[in-house]
Amino acid sequence: MRKPNEDNGNHWMAYTDLGVALVSLFILAFVAMATLKEQKAEDLTRTEEEVLSCQEEMRKIASERNALLSKSLHTSIEAGLIALENGKIQIQASLLFPVNGANLTSEGEQVIKGISKGLLDVLDTGDVIMVSGFTDDVPFKDAKHPYYTNWNLSTERAVNVVKTLINHGFPSHRLFAAGFGEFQPKYSNDSEEHRRLNRRVEIGVTPIRKLESGN
């Protein structure tokens, strides 16, 4: 017959083994969590470094492109027909369109023709051009077209610039247009001069990734 103290000893050994196993399991879990946390920190640091490197490369490319654009469009810039700001070509609407009109004037056609050649001389095959139209805050009024707004005017102007670029040899698949109406002013609409400057067209370069075949 087993003595009572022997049973207690066996139970105590069982409890001790279980405690050691639990402590070991806890230590292993702690080490695994610490390792995982360290790995995540390393991955995050590596990701941040890659992002910063990519941003720096993009800034370098943009700076080089701006320098080439400035040189290629030198004649138009010197003539005061366009301005180059932060890599975007700025054109006052009064140089391109009649008042409240969306069709390019003959002078406007020549301005866009010169820009088209300058852009083609500089851009990479992976770049596309965004043409944006903007107005001031004065509502468009025309009794014949009561529902026509500054949205419509700015969009039509941008589209007509795109069409003119295409007519002068710019590839159509590398162009798109957008109209912003009065909602992206460069200046407060607090004077006629500021309103004049807000009525504009901007032409900007946007890198784009080509879709893989089958997508």
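Structure: above.
What you see is a predicted model; the values in this text were computed from it and never measured. (Residues numbered from 1 in each chain as written. Predicted model: local features only at pLDDT ≥ 70, side-chain atom pairs only at ≥ 80, totals over all residues. Heavy atoms only, no water.)

### Some remarks on the packing of helix α3 (residues 106–122) against helix α4 (residues 150–167)
Following both chains from N to C, one finds α3 and α4 inclined at 60°, their axes separated by 9 Å at the closest point. The orientation of α3 with respect to α4, classified from their angle, is oblique. Like other packed secondary-structure pairs, α3 and α4 cross with a definite hand, here right-handed. Contact residues: Glu109, Ile112 and Ser116 in α3; Val161, Thr164 and Leu165 in α4. (Axes fitted to C-alpha atoms, helices over the stretch in contact; angles between N-to-C directions. Helix = DSSP H or I, 4+ residues; strand = E, 2+ residues; numbered from the N terminus. Parallel < 35°, antiparallel > 145°, perpendicular 65-115°, else oblique. Left-handed = near helix turned anticlockwise from the far one by under 90°. Contact = heavy atoms within 4.5 Å.)

### Things to note about unusual backbone geometry
At Asn86, a residue that is not glycine, the phi angle is positive and equals roughly 55°. Overall, the relative accessible area of 82% leaves Asn86 in the exposed class. (Buried < 20%, exposed > 50% of the residue type's maximum accessible area, 1.4 Å probe, protein only.)

### Details of the packing of aromatic side chains
Within this structure, the stated rule accounts for three aromatic pairs. With a centroid separation of 5.1 Å and 10° between ring planes, the pair formed by Phe134 and Phe180 is classed as stacked. Here Phe180 lies in the loop between β4 (175–179) and α5 (192–198) and Phe134 lies in strand β3 (residues 127–134), a separation of 46 residues in the sequence. Arranged with centres 4.7 Å apart and planes meeting at 55°, the rings of Phe140 and Tyr148 form a pair that is tilted. Like Tyr148, Phe140 is buried. (Phe/Tyr/Trp six-rings, centres within 6.5 Å; stacked < 30°, edge-to-face > 60°.)

### Looking at the pattern of salt bridges
Taken as a whole, this structure holds eight salt bridges when the rule is applied. Of the charged contacts, one joins Lys186 and Glu85 as a salt bridge, the two residues approaching to 3.0 Å between their closest N and O atoms. Taken as a pair, Lys186 in the loop between β4 and α5 and Glu85 in strand β1 (residues 83–85) lie far apart in primary sequence, 101 residues in all. Residue classification places Glu85 among the partly exposed residues on the basis of a relative accessible area of 32%. Taking the shortest distance from any N to any O, the salt bridge between Asp136 and Arg199 comes out at 2.6 Å. You can see Asp136 sitting in the loop between β3 and α4 and its partner Arg199 sitting in the loop between α5 and β5 (200–207), a full 63 residues away along the chain. We classify Asp136 as buried; its relative accessible area is 7%. (Salt bridge = Lys/Arg side-chain N within 4 Å of Asp/Glu carboxyl O.)

### Some details on the environment of Glu64
Summarising the element assignment, Glu64 is placed in helix α1 (residues 4–72). The spatial distance from the C-alpha of Glu64 to the C-alpha of Val122 is 9.9 Å, given a sequence separation of 58 residues.

### Some remarks on α3
Here α3 is 17 residues long and its end C-alpha atoms lie 25 Å apart, about the 24 Å a rise of 1.5 Å per residue gives. Looking at α3, one finds that the buried residues are Gly108, Val111, Ile112, Ile115, Ser116, Gly118, Leu119 and Val122. (Expected span 1.5 Å × (residues − 1).)

### Side note on the pairing of strand β2 (residues 88–92)
Most of β2 sits out of view: four of its five residues are buried. Relative to β2, β1 runs antiparallel, the two sharing three bridges. For Glu85, the partnering residue across the bridge sits in β2 and is Lys88. The hairpin turn running from β1 into β2, its antiparallel successor, is two residues long, and Asn86 in that turn takes a positive phi close to 55°. (Pairing = 2+ DSSP bridges.)

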